[in-house]
Amino acid sequence: MSHSILRNKGTLLLGDDKVSVIRAARIIQNGGLVAFPTETVYGLGAAATDAQAVKRIFKAKGRPSDNPLIVHIADIEQLNAVVKTISTRAFMLAEHFWPGPLSLILPRADKIPAVVSAGLPTVAVRMPDHQVALDLIRAAKVPIAAPSANRSGRPSPTSFRHVLEDLAGRIDAVIRSDTCPIGLESTVLDLTGPRPVILRPGGVSREELEAVLNCRVPILGLNKVSGIPHSPGMKYRHYSPQAPLVLIAGPAKRRLLLIESIVESYRRQGLSVGLLNSAIQEYMPLKAGPEMLAAHLYDSLRQMDHRDVDLILAEETEIQGLGLAVMNRLRKAATRILKV
Ligand code: AMP
Ligand code: MG
């Protein structure tokens, strides 16, 4: 059968074959919402030129309206419909990293309604490195605005099952496909200031950006002086499982001693602890390397929910390459950070 008519609480489950993708594209063209796979995480897409459809994304996710979305394109020419101006630097970065997990912040074109960018004069844009996502955008013949396809505040989805856990009955369709290979969101790079600045670490590492730009690229968090976040999404607690998550930082030996004593004291009280990435390994061995940690992080957090653990312990990891993005997500998911 070329396409599926399965539904989950009213949400259509589509395959990733050509017929199904065309059907998904029709839904987008008619102002509907479709969750689709990318190389980073699942996105929740609507036509980026349709303000009403974009508003439905915020509603379905429970996303605060001051948190802007990323616009996805399938061809470099489509940039003209999304941004007002393209600097030589932006073009060079797009040529080098697209399709891929790099979102560029550029001046927003008039065709893109303000709601997409939460009222900002800028817009985030990227070309995903996933055949199904590219086919969907091409078939819809319109740039697609898409944040991650989770309920706001929950771990991002890396499979269609995660999408259904959070959004079944709240969106029109989800495309069933393979998992998302990178497993973490894109790097957000602001190109609207005097020099490029990373607003969110992600799938493209700082080292890769610095090699191509041939300069240091700072990472901006909260502006310590004014307390105003430069990237609106950064002020929210994110990626959170249901149980409290404690992130343990410090020398490896001391981390281990602390973990052992916490696990022991919980056990004595009849409570369970889930170890996320640890030398005493359950989910992801610490020595696994940042790519593997990234690929399994969100699914592991959701598995902790299914196991109904009382506490999740995570260990600090190296911040080289993708490790920087992994640590950024762990810090945001953490209810507490313990330094030993
Ligand atoms: P999500 O699509 O859920 O990964 O979230 C996209 C994130 O990109 C937002 O939370 C913002 O932090 C960032 N972002 C998107 N558009 C802009 C923009 N115009 N200016 C600054 N940051 C942006
Ligand atoms: Mg998100």
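In short, a report on the structure. (Residues numbered from 1 in each chain as written. Chains lettered and ligands numbered in written order. Predicted model: local features only at pLDDT ≥ 70, side-chain atom pairs only at ≥ 80, totals over all residues. Heavy atoms only, no water.)

**A look at the nonpolar core**
Argument step 1. Counting residues in each nonpolar core, the largest one holds 70 residues, and the members touching the most others are Leu44, Leu93, Trp98, Leu102, Leu104, Leu189 and Leu209.
Argument step 2. With six residues, the single largest contributor to this core is helix H5 (residues 131-140).
Argument step 3. Among the nonpolar cores identified, the runner-up in size contains 25 residues, and Leu245, Leu247, Ala314 and Leu322 belong to it. (Core = buried A, V, L, I, M, F, W, Y, C linked by side-chain atoms within 4.5 Å. Buried < 20%, exposed > 50% of the residue type's maximum accessible area, 1.4 Å probe, protein only. Helix = DSSP H or I, 4+ residues; strand = E, 2+ residues; numbered from the N terminus.)

**Considering the packing of helix H6 (residues 160-167) against helix H9 (residues 290-307)**
Argument step 1. Close contact between H6 and H9 brings their axes to 11 Å; oriented N to C, the two are set at 50 degrees. Between H6 and H9, the crossing angle belongs to the class labelled oblique. Judged by the sense of rotation from one axis to the other, the crossing of H6 with H9 is left-handed. Listed contacts from H9 to His162, Glu165 and Asp166 of H6 are Asp299, Arg302 and His306. (Axes fitted to C-alpha atoms, helices over the stretch in contact; angles between N-to-C directions. Parallel < 35°, antiparallel > 145°, perpendicular 65-115°, else oblique. Left-handed = near helix turned anticlockwise from the far one by under 90°. Contact = heavy atoms within 4.5 Å.)

**Section: unusual backbone geometry**
Argument step 1. Omega for the bond connecting Trp98 with Pro99 falls within 30 degrees of zero, at -5 degrees, which places this linkage in the cis form.
Argument step 2. Tracing the backbone shows Pro99 in the loop between helix H4 (88-97) and strand E6 (102-107).
Argument step 3. At Ala118, a position not held by glycine, the phi torsion is positive, near 55 degrees.
Argument step 4. As for its position among the elements, Ala118 is in the loop between E6 and strand E7 (122-126).
Argument step 5. Phi angles above zero are rare outside glycine, and Asn214 is one such case at about 60 degrees.
Argument step 6. For Asn214, the position within the fold is in the loop between helix H7 (206-213) and strand E12 (245-249).

**Remarks on the sheet that holds strand E4 (residues 43-47)**
The strands making up a sheet associate through backbone hydrogen bonding, with each pair oriented either parallel or antiparallel.
Argument step 1. The eleven strands lie next to each other as E1-E2-E9-E3-E4-E8-E5-E7-E6-E10-E11, forming an open sheet whose pairing is mixed. Both edges of this open sheet fall to strand E1 (6-8) and strand E11 (197-200), since each of them pairs with a single strand only.
Argument step 2. Packed on one face of the sheet, helix H2 (residues 51-61) meets E4 and strand E8 (144-145) and runs near 155 degrees to E4. (Pairing = 2+ DSSP bridges.)

**Side note on H7**
Argument step 1. Of all the positions in H7, only Leu209, Glu210 and Leu213 are classed as buried. Down the axis of H7, the buried set is contained in an arc of 100 degrees. They therefore lie on one face.
Argument step 2. Residues of H7 that are buried make contact with H4, E6, strand E10 (187-190) and E11.
Argument step 3. Following H7 by one or two positions, Asn214 has its phi on the positive side, about 60 degrees. (Arc of directions from axis to C-beta.)

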